[in-house]
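Inside the fold
Read off the chains here:
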Amino acid sequence: MLHLIHGSVACRRTCIQTEIVFLFSAAMGAIFGMTTCLSAQAREAPDDPLNYFIGGCASGIFWEHEVTHSAITGTSACLGLGTLAFFTKVGKMEGWKLAGPPKL
């Protein structure tokens with residue numbers, strides 16, 4: 001009986017941790033989208049990759065605030081996510097391919 005109780009506690013803990021990760025990821029995505037959109041409207045440049053850099057940087061700052069509470073990690077997350085978003089947008093605009101079509 002004790003094994004079943006311990007198992008249900010572990011299951012509940014796993015479910016709660018999964019919900020937290022899901023909500024955190026959703027919040028980061030919402031912050032990225034909202035910041036990118038607001039930046040595009042404020043700068044009157046809807047297809048500029050810099051908007052995506054700003055959105056990625058805002059997501060990195062949120063990650064720092066919620067997870068690490070470290071300015072160095074936050075700055076790195078800001079620059080890393082911003083750069084990733086910037087080059088993703090540039091790649092889509094210029095038609096970059098990371099892999100070819102699947103071989104069947």
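Residue numbers restart at each chain and count upward from 1, following the sequence in its written direction. Owing to the predicted nature of the model, reporting of local features is limited to residues with pLDDT of at least 70; listing and counting of side-chain atom pairs is limited to 80 or more, with chain, interface and lining totals taken over all residues. Side-chain calculation: all heavy atoms of the structure are included, whereas hydrogens and water are not.

As a reminder, the rule being used: UniProt positions are given in the numbering used here, feature names are shortened, and annotations may be inferred rather than shown by experiment.
An unreviewed UniProt entry annotates the chain as NADH dehydrogenase [ubiquinone] 1 alpha subcomplex subunit 11 of Maylandia zebra. Turning to the chain, the UniProt record has this under Sequence similarities (unreviewed entry): "Belongs to the complex I NDUFA11 subunit family." Recorded in UniProt for the chain, the comment headed Subcellular location (unreviewed entry) runs: "Mitochondrion inner membrane".

Digging into the overall build of the chain
The cut-off we apply is this: The numbering of helices and of strands both runs from the N terminus, where a helix is a DSSP run of H or I of at least 4 residues and a strand a run of E of at least 2. Computation of the radius of gyration draws on C-alpha atoms alone. For the globule rule, the value is 2.2 Å times the number of residues to the power 0.38. Throughout, exposure labels follow a simple rule: accessible area from a 1.4 Å probe, protein chains only, divided by the maximum for the residue type, with under 20% read as buried, over 50% as exposed, and the rest as partly exposed. Working rule for contacts: check all heavy atoms of both residues, and any pair within 4.5 Å makes them a contact. For every accessible area listed, the method is Shrake-Rupley and the probe measures 1.4 Å; residues are considered covered only by the protein chains on display. Positive: Lys, Arg. Negative: Asp, Glu. His and the chain ends are not part of the count. In this description, the location of a charge corresponds to atom NZ of lysine, CZ of arginine, CG of aspartate or CD of glutamate.
Along its length, the chain carries three helices and zero strands. The order of α-helices and β-strands along the chain, N terminus first, is α-α-α. At 19 Å, the chain has a C-alpha radius of gyration far larger than the 13 Å of a compact globule built from 104 residues. Overall size of the chain, expressed as C-alpha extent along the three principal axes, is 65 × 45 × 25 Å. The buried share among the 104 residues of the chain stands at 23%. Within the chain, contacts between residues at least 6 apart in sequence are counted, and of these 52% link residues at least 24 apart. When the accessible surface of the chain is summed, it comes to about 7800 Å², and 70% of that surface belongs to carbon and sulfur atoms. Counting 7 positive and 7 negative side-chain charges, the chain places the averaged centre of each group 13 Å from the other.

A word on the environment of methionine 28
Mapping methionine 28 onto the fold places it in helix α1 (residues 2–43). Spatially, the C-alpha atom of methionine 28 lies 5.4 Å from that of serine 59, the residues being 31 residues apart in sequence. Aside from chain neighbours lying at most four places away, what touches methionine 28 is Ser59, Phe62, Trp63 and Leu81.

Regarding helix α2 (residues 49–68)
Under the convention used in this document: Given a helix with a known number of residues, its expected span is that number minus one, times 1.5 Å.
Taking 1.5 Å per residue, 20 residues should reach 28 Å; α2 reaches 27 Å between its end C-alpha atoms and fits that length. Pro49, Asn51, Gly55, Gly56, Cys57, Ser59, Gly60, Phe62 and Glu64 are the residues of α2 that are buried. Within two residues after α2, histidine 69 carries a phi angle of roughly 55 degrees, on the positive side.

Some remarks on the pattern of salt bridges
Heads up, the condition is: Salt bridge, as used here: a side-chain nitrogen of Lys or Arg that lies within 4 Å of a carboxyl oxygen of Asp or Glu.
Across all of its chains, the model carries two salt bridges by this definition. With a closest N to O distance of 2.6 Å, arginine 43 and aspartate 48 form a salt bridge. The exposure class of arginine 43 is partly exposed, given its relative accessible area of 35%.

Brief notes about the packing of α2 against helix α3 (residues 71–94)
Keep this limit in mind: Geometry is summarised by axes, namely lines fitted to C-alpha atoms with helices restricted to the contacting stretch, and by angles between N-to-C directions that run from 0 to 180 degrees. To sort the angles, those under 35 degrees are grouped as roughly parallel, those over 145 as roughly antiparallel, those from 65 to 115 as roughly perpendicular, and the leftovers as oblique. Crossing handedness is defined as follows: a turn of the near helix away from the far one that is anticlockwise and smaller than a right angle gives a left-handed crossing, while the clockwise case is right-handed. In this count, Pro and Cys sit with the nonpolar residues alongside Ala, Val, Leu, Ile, Met, Phe, Trp and Tyr, while Asp, Glu, Lys and Arg are called charged and the others, Gly among them, polar.
Packing of α2 against α3 leaves a shortest axis separation of 7 Å and a crossing angle of 150 degrees. As judged from the angle between their axes, α2 and α3 are roughly antiparallel. In the crossing of α2 with α3, the sense of the turn from one axis to the other is right-handed. Grouping the amino acids of the contact of α2 with α3 by side-chain chemistry returns 16 nonpolar, eight polar and two charged.

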